[in-house]
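# Breakdown of the fold
Residue strings, one per chain:
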Amino acid sequence: MADNKPNIANKCFVCGPDNSSGLKLIFWLDGDICRSEYIPDADHIGYDNLVHGGLIYSALDDVMANWLFLRNRFAVTAKCEIRYRAPAKPGEKILLESSHISTKRLIVILQARATRAADKKLIAEATGTFMLSTKK
């Protein structure tokens, strides 16, 4: 697992190594899939000892964005739809993955999944539309 991001993401809440309150997730490419792992802790709950859905969303959004970012393509999220399938609890390792669906001009559509590592149960899935930057 190599972290080959330029300095522009160092303060990112999800992946930034310099964000003291961030998740510090590391993303890597595995062929056509972008992957990461997330182990939420007790500070990541919403209610009833369940991981906050916003953090699951953030992790899925970032695994999709990093599918592009790790290929030196810069984009912002234009739209994202998420479907929660099962709850997650603090301390459970969550596997994240994303893949490419389509590209048309400056619009890229990606999909992502979060699964519980222990039993491969699907926690959430998302489809995101990203707008590529024309800046280098």
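Structure: see above.
Residues numbered from 1 in each chain as written. Predicted model: local features only at pLDDT ≥ 70, side-chain atom pairs only at ≥ 80, totals over all residues. Heavy atoms only, no water.

## Examining the overall build of the chain
Applicable threshold: Strands are runs of DSSP state E lasting at least two residues, helices are runs of H or I lasting at least four, and both sets are numbered from the N terminus onward. In what follows, residue pairs with any heavy atoms lying within 4.5 Å of each other are defined as contacts. Surface accessibility in these figures is a Shrake-Rupley result with a 1.4 Å probe; residues are shielded only by whichever protein chains are displayed. Charge assignment in this entry is limited to Lys and Arg as positive and Asp and Glu as negative, and neither His nor the chain termini are counted. Charge positions come from single atoms, namely NZ of Lys, CZ of Arg, CG of Asp or CD of Glu.
When helices and strands are counted, the chain shows 1 helix and 6 strands. Reading the helices (α) and strands (β) of the chain from amino to carboxyl end gives β-β-α-β-β-β-β. Its C-alpha atoms put the chain at 45 × 30 × 25 Å along the principal axes. Considering only contacts within the chain whose residues lie at least 6 apart along the sequence, 60% involve residues at least 24 apart. Accessible area of the chain: about 7,800 Å², with a carbon and sulfur share of 51%. Between the averaged position of the 19 positive side-chain charges in the chain and that of its 15 negative side-chain charges there is a distance of 7 Å.

## Remarks on the sheet that holds strand S2 (residues 33–38)
Just so we agree on the cut-off: In this analysis, strands are considered paired if DSSP registers two or more bridges between them. Only the stretch in contact is used when a helix axis is fitted, and all axes are lines through C-alpha atoms; the angle between N-to-C directions ranges over 0 to 180 degrees.
Taken in spatial order, the 6 strands line up as S1-S2-S4-S5-S6-S3 in an open sheet, and their pairing is antiparallel. Each edge of the open sheet is held by one strand with a lone partner, namely strand S1 (28–30) and strand S3 (75–84). Going across the sheet, the axis of each strand differs from the next one's by a mean of 25°, ignoring polarity. Where strand S5 (residues 107–116) meets strand S6 (residues 122–132), 9 bridges bridge the pair, whose relative direction is antiparallel. Looking at the pairing, Ala114 lines up with Ala124 of S6. Strands S1, S2, S3, strand S4 (94–104), S5 and S6 of the sheet are contacted by helix H1 (residues 53–69), whose axis makes an angle of about 50° with S6.

## Brief notes about the layout of surface pockets
Using the following cut-off: For cavity detection a 1 Å grid was placed over the protein atoms alone, and a set of points counts as a cavity when a 1.4 Å probe fits there but cannot get out; an open set counts as a pocket when protein lies on both sides within 12 Å along at least five of seven lines, with lining residues being those that have an atom within 4 Å of a point. Grid points are joined across faces, edges and corners, and a volume is the space filled by probe spheres set on the points. The residue classification treats Ala, Val, Leu, Ile, Met, Phe, Trp, Tyr, Cys and Pro as nonpolar and Asp, Glu, Lys and Arg as charged. All others, Gly included, are polar.
Taken as a whole, the second largest pocket spans an internal volume of roughly 150 Å³. Along the walls of the second largest pocket sit Gly46, Tyr47, Leu50, Val51, His52, Gly53, Ile56, Tyr84, Ala86, Pro87, Ala88 and Ile123, which together make up its complete lining. Grouping the constituent residues of the lining of the second largest pocket by class yields 9 nonpolar, 3 polar and no charged.

## Quick look at the environment of Leu96
Note the following rule: Accessible area is worked out with a 1.4 Å probe on protein chains only. A residue is then buried under 20% of its type maximum, exposed over 50%, and partly exposed in between.
Relative to the helices and strands, Leu96 is located in strand S4. Judged by relative accessible area, which is 2%, Leu96 ranks as buried. Separated by 69 residues in the primary sequence, Leu96 and Phe27 have C-alpha atoms spaced 9.1 Å apart. Setting aside residues no more than four positions away along its own chain, Leu96 makes contact with Leu25, Cys34, Arg35, Ser36, Tyr38, Ala59, Leu60, Val63, Arg113 and Ala114.

## A look at the side chain of Arg116
Filter applied, for reference: Whenever two N or O atoms come within 3.5 Å, that pair is a polar contact, provided that in protein one can donate a hydrogen and the other can accept it, and provided that, for residues adjacent in sequence, both atoms are side-chain atoms.
As for its placement among the helices and strands, Arg116 is situated in strand S5. At a separation of 3.2 Å, a polar atom in the side chain of Arg116 contacts the side chain of Asp119. Once residues within four sequence positions are removed from consideration, Arg116 is found in contact with Pro87, Ala88, Glu92, Lys93, Lys121 and Ile123.

## Examining the environment of Met64
Locating Met64 in the fold gives a position in helix H1. Along the primary structure Met64 and Asn19 are separated by 45 residues, whereas in three dimensions their C-alpha atoms are 20 Å apart. Apart from the residues lying within four places of it in its own chain, the contact partners of Met64 are Cys80, Ser98, Leu110, Gln111, Ala112, Ala126, Thr127, Gly128 and Phe130.

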